[in-house]
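Spelled out, the chains give:
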Amino acid sequence: MGFLDKIKSWLGIGNSTLLEENKRVPRDDYSYNQMEAKKREKVDLLLDKISKKGIESLTAKEKEFLDRQSKKIK
């Protein structure tokens, strides 16, 4: 991220703001829906991987991602 991007982010200019975890949070419905669709697609791919190869085939990051997503559903 360049210097100007950091300033824009700090000022809240643009489609998203930067959080402490360096994750982008969308500022409009379209961006939010795109982000959620990508997450759902990733969850589907990981669940397919589990069904074909077993839970042991997931990396630690993949397991962590699924864990975070499952907590959002509750």
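Bear in mind that the values here come from a model prediction, so they are computed numbers and not experimental data.

Student: I keep staring at the nonpolar core and nothing clicks. Help me out?
Tutor: Side chains of nonpolar character tend, in soluble globular proteins, to be buried together. By size, the foremost hydrophobic cluster in this structure holds 5 residues: Val43, Leu46, Leu58, Phe65 and Leu66. Residues in contact with Leu66, not counting those within four places in the same chain, are Val43, Leu46, Ile50 and Leu58.

Student: Whenever I open this one, the pattern of salt bridges confuses me. Can you help?
Tutor: Side chains bearing opposite charge may pair, as long as their charged atoms lie close to each other. Evaluated as defined, the whole model comprises 4 salt bridges. One salt bridge connects Glu62 with Lys49, and the closest N-O pair in it is separated by 3.1 Å. Of this pair, Glu62 sits in helix H3 (residues 60–73) while Lys49 sits in helix H2 (residues 29–53); the two residues are 13 residues apart in sequence, bridging distant segments of the chain. Here Lys49 falls in the partly exposed class, since its relative accessible area comes to 23%.

Student: Just checking my understanding: could you explain the confidence of the model for the chain for this structure?
Tutor: If pLDDT is low for a region, its predicted coordinates should not be looked at in detail. With 72% of its residues at a pLDDT of 70 or more, the chain shows a mean pLDDT of 79. Ranking the elements of the chain by mean pLDDT puts strand S1 (residues 16–18) last with 47 and H2 first with 92. pLDDT under 50 marks residues 16–22. Its contacts with residues more than four places away, or in other chains, come to 15 contacts.

What counts and how
- Residues numbered from 1 in each chain as written.
- Predicted model: local features only at pLDDT ≥ 70, side-chain atom pairs only at ≥ 80, totals over all residues.
- Heavy atoms only, no water.
- Core = buried A, V, L, I, M, F, W, Y, C linked by side-chain atoms within 4.5 Å.
- Buried < 20%, exposed > 50% of the residue type's maximum accessible area, 1.4 Å probe, protein only.
- Contact = heavy atoms within 4.5 Å.
- Salt bridge = Lys/Arg side-chain N within 4 Å of Asp/Glu carboxyl O.
- Helix = DSSP H or I, 4+ residues; strand = E, 2+ residues; numbered from the N terminus.
- pLDDT = per-residue confidence, 0-100.

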